[in-house]
Amino acid sequence: MLDVIALLLVMGASAGFILCDQLLTLKYKIPREDGQRLYLRSVTYGVPCLIAAILLKVLLFAIPSMIGIEPLIVVTPDLVPIYTALSAPVLAYLFTLVFNYALSEEKRIDIFRQAMLKDDFDAVLWKSMDTYQPILISLENRKVYVGLVADGLEPGSQGNSYLTILPLLSGFRTTEKMNIEISAVYNPVIDLLEEADNNSDSLARAESLAAYYMAFPRSKIISLHLFNDHLYANVTKQNSPAAQRVKNYNKPA
């Protein structure tokens, strides 16, 4: 009896973890929580899965026996609890597939947006993607990069340790005043972006742009913010031609 209860608890927690990890309304929230809370949530969300598994057992075994017909699945009585326990994760997985598929594109975007806005770092990345504005990244070695967010947008993901950008400008912070000095402009990248409305092959352009992607460990990023050419000019007291080019490009591919 204790073995059956233990099996039901383990399978129930497994079903709850599937919901927490895959259900779009939950998957962006749970990874940000500590381990103990994750265990608790897995058990909590696993309870409905166990109830559904028990109802399924009644449907497949108990009801047919009560009305005198052959059960839909014929197994020995000692295997019924095992089938019940094992069906909980399966039901959780099937429910996740159906639920995620039924969500509209607008709802998916809204869920993603809300998850991004709950973290300061991710909120800046979302703003950059949403408005097509470049971001400025300051690294711990004083290097700075201005670019467009290309990858690294998975709110709360433990494996989301890198941020990938499409670089437009790069430079460094001065030793004394830590002012930003732009030393390089990625003209080929900006040229490709400016060709976005010229009926060029979008797939070929995307592949060309991907050759310039740069990935940075998030742990090495000191700060990041949206790149504002007006603010840059006012703070540095200079009108950088490179910054002007970034301002004037049409839109990303």
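Residues numbered from 1 in each chain as written. Predicted model: local features only at pLDDT ≥ 70, side-chain atom pairs only at ≥ 80, totals over all residues. Heavy atoms only, no water.

As a further point, take the pattern of salt bridges. Under the definition given, this model contains three salt bridges. Notably, a salt bridge pairs Glu140 with Lys220, separated by 3.3 Å at the nearest N-O pair. Placement of Glu140 in the loop between β1 (135-139) and β2 (143-151) and of Lys220 in the loop between β5 (214-217) and β6 (221-226) is noted, with a sequence separation of 80 residues between them. Among the residues examined, Glu140 registers a relative accessible area of 47% and is labelled partly exposed. Assessed through its relative accessible area of 38%, Lys220 is described here as partly exposed. (Salt bridge = Lys/Arg side-chain N within 4 Å of Asp/Glu carboxyl O. Helix = DSSP H or I, 4+ residues; strand = E, 2+ residues; numbered from the N terminus. Buried < 20%, exposed > 50% of the residue type's maximum accessible area, 1.4 Å probe, protein only.)

Okay, helix α7 (residues 187-194) next. Of all the positions in α7, only Val189, Ile190, Leu192 and Leu193 are classed as buried. For α7, the buried positions fall inside an angular range of 160° around the axis, keeping them on one side. (Arc of directions from axis to C-beta.)

A separate point is the packing of aromatic side chains. Given two aromatic rings, their pairing is described by the distance between the two centres and the angle made by the two planes. For the structure shown, the criterion picks out three aromatic pairs. For the pair Phe112 and Trp126, a centre-to-centre distance of 5.9 Å together with 55° between the ring planes defines the contact as tilted. Residue Phe112 is found in helix α5 (residues 105-117), and its partner Trp126 is found in helix α6 (residues 120-131); the two are separated by 14 residues along the sequence. For Phe112, a relative accessible area of 17% corresponds to the buried category. Exposure remark for Trp126: the relative accessible area of 14% places this residue in the buried category. A ring pair is formed by Tyr145 and Phe216, whose centres lie 4.9 Å apart and whose planes are at 45°; its orientation type is tilted. (Phe/Tyr/Trp six-rings, centres within 6.5 Å; stacked < 30°, edge-to-face > 60°.)

Shape is all these values report; function is a separate question.
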